[in-house]
Amino acid sequence: MSADHERLAGLAERHATPFHVLDCSRLDDAANRLADVLGTLSRETRVYYSVKTNYLPFILRRLAARGMGADVVSGYEMDAALSAQFNPADIVFNGPVKTEEELAAAVRHGVRVHIDGRQEIAVLEQLAAEAGRPVEVGIRISPGVPVSTSSDPSYRAQAAAAALRNRFGWPAGSAELARIVGLIADSPHLRLTAVHAHLSSQIVHEELMLQAIGRVLDEAAQLHRRFGLREVNIGGGFGVPGIRRPRTGPLTALWAQQGGTPVQDEEPFLDIARLLPAVDELMERAGLDGVTLACEPGRWLVSDAMSLVTRVVSRKELPEARWLILDGGNNVAPWAGSGEVHRMEPIGRTYSSRTSTWSVSGPLCYENDIHASAVDLPDDTGPGDLMCLRDTGAYSLGRSNNFIRTRAAVVALDGDAETLVWRAETGTDVFLLADPWANPAAESTPPTAVSAPSAVIAAGTER
Ligand SMILES: *Cc1c(COP(=O)(O)O)cnc(C)c1O
């Protein structure tokens, strides 16, 4: 057994499965590697960690302490970033919906807003006028070209259509974009200082990504000549190893139905040590002199820093399928069910060297709770064995839910220290949200007649 497996198995003696493990050395490694690459570029750079990718406060505090900025896409993420001590001037507020309250908070704290809806402009102008000072804003631009491809032409057609329909930002070179820019330019208190684009997640095709960024940079160069930009932000989405995503269209399905050999899913990943210098050079060529290159990595920083430790509960051998059923499912590993496959390792003892093909599922009572429909695992894997899922740091905790089972704990390993940094949710936690005024555990005051449905008031007064 490797030392890593031994340590994870040890944790399972002290924590109920399923639980997440955060390996701080891997988080630090990723942050260091990114800083090293950025350090080689010809211009100023800035990193905004994407809070939605993993909002664990322990992670936020650690990245903030390194001097990183934060990318937030809601008011409560902004609050989380502020309490984790990110410098407010190093927080950017993205996303297609920002309430007036959220925009007011952003202006109050000095958090820069990247405009992604026409309505934001008037609200921000009003807030800036009230504050009596100019407010810097950015604008989100979309390139209109796909950043993923496949050997299946029907997939490529779908990806191209989706890129044109993309609702985030305004298309580079479009009349809509020009109108929005005009509205910002006409707002006496707003200053357009940043261009923002975020293309997708788990992007693995460098060429396509550079083409897409190139379109954004052309637009940015024009805006730079007009307004003098301070920053171009290329977003996140840098693809990592260890994750397989289906990139197939209807043609693949037809082909498979007619007995063709299935297209092997590739598992490429992006090399940021090539990508970021190439972007730096594109910016140079576009005439974006003196403009900072910013990015918003999420997955790239946290993906391999977390693992999910689960236990095999049941082994079911049917005439048509052999199942291993785990105690951790889609609700704590939300990529399961979307077809994304992660590496899986049985740990905790020595296993047979003979393997067979298994289907692996979670415990939830619904069809899509499947980790893998065909994966090679040792023959003798069975109830009681520990199964570790890898590369689970991105879109796990924040997307987990309590459908059927409650959310899992997170244990952080930092050198020799082992700390519970997020406790497991209980059923009591879940039902704390129910009619709070009738719940003795909640400290809420009864609702007023204005906000409460009368039936509930009546039920309340009966007691
Ligand atoms: C989700 C998101 C990111 C991070 O994407 P990753 O794939 O996790 O790197 C960055 N910027 C914005 C605006 C996002 O919405």
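Residues numbered from 1 in each chain as written. Predicted model: local features only at pLDDT ≥ 70, side-chain atom pairs only at ≥ 80, totals over all residues. Heavy atoms only, no water.

1. Comments concerning the pattern of salt bridges
Logical step 1: Enumeration over the complete set of coordinates arrives at 22 salt bridges.
Logical step 2: Here arginine 62 makes a salt bridge to aspartate 414, at a shortest N to O gap of 3.0 Å. Taken as a pair, arginine 62 in helix α3 (residues 57-65) and aspartate 414 in strand β19 (residues 409-414) lie far apart in primary sequence, 352 residues in all.
Logical step 3: With relative accessibility at 21%, the residue arginine 62 sits in the partly exposed group.
Logical step 4: For arginine 423, the salt bridge is made with aspartate 429, and the minimal N-O distance between the two is 2.7 Å.
Logical step 5: One connected set of salt bridges, linked through shared partners, spans Asp4, Asp23, Arg26, Glu345 and Arg390. (Salt bridge = Lys/Arg side-chain N within 4 Å of Asp/Glu carboxyl O. Helix = DSSP H or I, 4+ residues; strand = E, 2+ residues; numbered from the N terminus. Buried < 20%, exposed > 50% of the residue type's maximum accessible area, 1.4 Å probe, protein only.)

2. A look at the packing of aromatic side chains
Aromatic ring pairs are reported here in terms of the distance separating the ring centres and the angle at which the planes meet.
Logical step 1: Under the criterion given, the structure shown has three aromatic pairs.
Logical step 2: An angle of 75 degrees between the planes, with centres 5.4 Å apart, marks the rings of tyrosine 366 and phenylalanine 403 as edge-to-face. Residue tyrosine 366 is located in the loop between β16 (355-361) and β17 (370-378), and its partner phenylalanine 403 is located in the loop between β18 (386-389) and β19; the two are separated by 37 residues in the primary sequence.
Logical step 3: Judged by its relative accessible area of 33%, tyrosine 366 falls in the partly exposed class.
Logical step 4: Residue class for phenylalanine 403 comes out partly exposed when judged on its relative accessible area of 45%.
Logical step 5: Aromatic ring contacts, followed pair by pair, group Tyr55, Tyr76 and Trp422 into a single cluster.
Logical step 6: Its end group placed over the ring of phenylalanine 93, lysine 98 keeps NZ or CZ at 5.8 Å from the ring centre.
Logical step 7: Here arginine 322 stacks its cationic end above the ring of tryptophan 358, 4.2 Å away from the centre of that ring. (Phe/Tyr/Trp six-rings, centres within 6.5 Å; stacked < 30°, edge-to-face > 60°. Lys NZ or Arg CZ within 6 Å of the ring centre and 35° of its normal.)

3. Brief notes about the domain arrangement of the chain
Logical step 1: What the domain assignment reports for the chain is domain 1 (1-24 + 302-432) and domain 2 (25-301).
Logical step 2: The centre of domain 1, based on its C-alpha atoms, is set 31 Å off from the matching centre of domain 2.
Logical step 3: Facing 28 residues of domain 1, the contacting portion of domain 2 comprises 26 residues.
Logical step 4: Regarding the contact of domain 1 and domain 2, the summed buried area is about 2300 Å², with carbon and sulfur atoms giving 54% of it.
Logical step 5: In terms of surface lost to domain 2, no three residues of domain 1 exceed Cys24, Val302 and Tyr395, which account for 30% of the buried area on that side.
Logical step 6: Across the domain 1-domain 2 interface, the total number found is three salt bridges.
Logical step 7: Between arginine 26 and aspartate 23 there is a salt bridge, with the nearest N and O atoms lying 3.4 Å from each other.
Logical step 8: At the boundary of domain 1 with domain 2, the tally comes to 14 residue pairs in polar contact (both at pLDDT 80 or more). (Domains from an automatic or database assignment. Contact = heavy atoms within 4.5 Å. Buried area = accessible area lost by both parts, 1.4 Å probe. Polar contact = N/O pair within 3.5 Å; in protein donor to acceptor, adjacent residues only side chain to side chain.)

4. A word on the side chain of glutamate 120
Logical step 1: With respect to the secondary-structure elements, glutamate 120 resides in helix α6 (residues 118-131).
Logical step 2: Of note is the side chain of glutamate 120, whose polar atom sits 3.0 Å from the side chain of lysine 98.
Logical step 3: A polar atom in the side chain of glutamate 120 sits 3.1 Å from the backbone nitrogen of aspartate 116.
Logical step 4: Once residues within four sequence positions are removed from consideration, glutamate 120 is found in contact with Gly95, Pro96, Lys98, Leu103, Val113, His114 and Ile115.

5. Regarding the packing of helix α2 (residues 24-39) against α3
For any two helices packed against each other, one specifies the crossing angle of their axes together with the interaxial distance.
Logical step 1: Following both chains from N to C, one finds α2 and α3 inclined at 40 degrees, their axes separated by 12 Å at the closest point. In terms of axis orientation, α2 runs oblique to α3. When the axes of α2 and α3 are compared, the crossing they make is right-handed. Between α2 and α3, the contacting residues are Cys24, Leu27 and Asp28 on the first element and Phe58, Ile59, Arg62 and Leu63 on the second.
Logical step 2: Its residues placed into classes, the contact of α2 with α3 shows five nonpolar, no polar and two charged. (Axes fitted to C-alpha atoms, helices over the stretch in contact; angles between N-to-C directions. Parallel < 35°, antiparallel > 145°, perpendicular 65-115°, else oblique. Left-handed = near helix turned anticlockwise from the far one by under 90°. Nonpolar A, V, L, I, M, F, W, Y, C, P; charged D, E, K, R; others polar.)

6. Regarding the site of the ligand
Logical step 1: The immediate surroundings of the ligand are formed by 16 residues, with Lys52, Ser201, Gly237, Glu296 and Tyr395 found nearest.
Logical step 2: Take serine 201: an N or O atom from its side chain is 2.4 Å from an oxygen atom of the ligand.
Logical step 3: A distance of 2.6 Å is found between a nitrogen atom of the ligand and a side-chain nitrogen or oxygen belonging to glutamate 296.
Logical step 4: Burial of the ligand by the protein amounts to 95% of the accessible area it has alone, namely 390 Å².
Logical step 5: Class assignment of the residues belonging to the shell around the ligand gives a composition of two nonpolar, nine polar and five charged. (Near = heavy atom within 4 Å. Areas by Shrake-Rupley, 256 points an atom, 1.4 Å probe, with all protein chains shown as cover.)

7. Brief notes about the packing of α2 against helix α11 (residues 272-286)
Logical step 1: Contact geometry for α2 and α11: axes closest at 9 Å, N-to-C directions at 35 degrees. The interaxial crossing formed by α2 with α11 has right-handed handedness. Across from Leu34, Val37 and Leu38 in α2, the residues of α11 making contact are Ile272, Ala273, Leu276 and Pro277.
Logical step 2: Class assignment of the residues belonging to the contact of α2 with α11 gives a composition of seven nonpolar, no polar and no charged.

8. Looking at the environment of proline 297
Logical step 1: Along the chain, the position of proline 297 falls in the loop between β11 (292-295) and α12 (299-302).
Logical step 2: With 58 residues separating them in the primary sequence, proline 297 and glycine 239 have C-alpha atoms 9.8 Å apart.
Logical step 3: What proline 297 contacts, discounting residues up to four positions off in sequence, is Leu34, Val47, Tyr48, Tyr49, Ser50, Gly235, Gly236 and Phe238.

9. Concerning helix α5 (residues 100-109)
Note on helix geometry: an α-helix contains 3.6 residues per turn, so any two residues three or four positions apart are oriented the same way.
Logical step 1: Every buried residue of α5 is accounted for by Glu102, Leu103, Ala105, Ala106 and Val107.
Logical step 2: Against α4 (75-83), β4 (91-93), β5 (112-115), α6 and β6 (135-142) lie the buried residues of α5.
Logical step 3: Taken from the residues just after α5, glycine 110 is the one with a positive phi, measuring 80 degrees.

10. Digging into the environment of valine 73
Logical step 1: Tracing the chain through its elements places valine 73 in the loop between β3 (69-72) and α4.
Logical step 2: Residues valine 73 and phenylalanine 93, spaced 20 residues apart in sequence, show a C-alpha to C-alpha distance of 5.7 Å.
Logical step 3: Sequence-distant contacts of valine 73, defined by excluding residues within four places in its chain, comprise Lys52, Phe93, Asn94 and Gly95.

11. Quick notes on the side chain of histidine 224
Logical step 1: For histidine 224, the position within the fold is in helix α9 (residues 206-227).
Logical step 2: Of the polar contacts made by the side chain of histidine 224, one reaches the backbone oxygen of aspartate 289; its length is 3.5 Å.
Logical step 3: Sequence-distant contacts of histidine 224, defined by excluding residues within four places in its chain, comprise Leu229, Gly287, Leu288, Asp289 and Val291.

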